[in-house]
Amino acid sequence: MLTSKRLFLMPATIPMLEAAVAQDWDKLSSLLGGVYFADNWNRFPEAMAWGLERLKAHPDELGWWGYFIIQGLDARVAGTCGYKGKPSPDGAVEIGYEIADRYQNQGLATEAAGALIHNAFRHPEVNTVYAHTLAEENASGKVLQNLNFTLEGETFDVEDGKIWKWRLDRALSA
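Residues numbered from 1 in each chain as written. Predicted model: local features only at pLDDT ≥ 70, side-chain atom pairs only at ≥ 80, totals over all residues. Heavy atoms only, no water.

Visitor: How would you sum up the nonpolar core? Please name residues and give values.
Guide: One finds Leu9, Leu28, Leu32, Phe68, Ile95, Val129 and Phe149 to be the most contacted residues of the largest nonpolar core, which totals 52 residues. Top element by residues in this core is helix 4 (residues 108-121). It accounts for 9 residues. Leave out the neighbours within four places in its chain, and Leu9 touches Met1, Leu2, Tyr67, Phe68, Ile69, Cys81, Ala112, Ala115 and Leu116. (Core = buried A, V, L, I, M, F, W, Y, C linked by side-chain atoms within 4.5 Å. Buried < 20%, exposed > 50% of the residue type's maximum accessible area, 1.4 Å probe, protein only. Helix = DSSP H or I, 4+ residues; strand = E, 2+ residues; numbered from the N terminus. Contact = heavy atoms within 4.5 Å.)

Visitor: So what's going on with helix 4? Residues and values would help.
Guide: With 14 residues, helix 4 extends 20 Å from end C-alpha to end C-alpha; this agrees with the ideal 20 Å at 1.5 Å per step. Of all 14 residues that make up helix 4, 11 are buried, and the element is covered over most of its length. Residues Leu108, Ala109, Glu111, Ala112, Ala113, Ala115, Leu116, Ile117, Asn119, Ala120 and Phe121 constitute the buried set of helix 4. (Expected span 1.5 Å × (residues − 1).)

Visitor: Lay out the confidence of the model for the chain in plain terms, naming residues and giving numbers.
Guide: Model confidence for the chain is summarised by a mean pLDDT of 95, while 99% of its residues fall at 70 or above. Of all helices and strands in the chain, the one with the weakest mean pLDDT is helix 3 (residues 45-57) (92), whereas helix 2 (residues 25-31) scores best (98). (pLDDT = per-residue confidence, 0-100.)

So, in structure tokens, the structure goes:
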């Protein structure tokens, strides 16, 4: 589990992902310690199914995929976040995050992403953290700017079209 001032980031285990994919909220709540769920806490349910299959095939990658973001004061799942896999051979990981509507504009995305970054750089093989956003000024870009990421450039994604690639090197993460 990763922690920050207001959040607990629980690594998504196989049983948790199975419950999420089956939409068995009682079971998932129990596995997460009896939490509640904010509306729209998970806008990408297909990622849960994909993560489940990936973790079943590669159980050694636990902790390098998804996390449930639990807002501690409310004991409520406020979103998801995680890495898009283990560090690459050149020492890079990519992060992603989403926050439920009721928890937006409170700094929770910055806090969750910050916890992921801190955790990544605890591993000596990680030198760089990447993230992608839509190619427009938006809240996700502001989160990354607040965490000292630099805009590296624009690229094309088959599903999202034009996207911006952001980068944070270990030396700039302090």
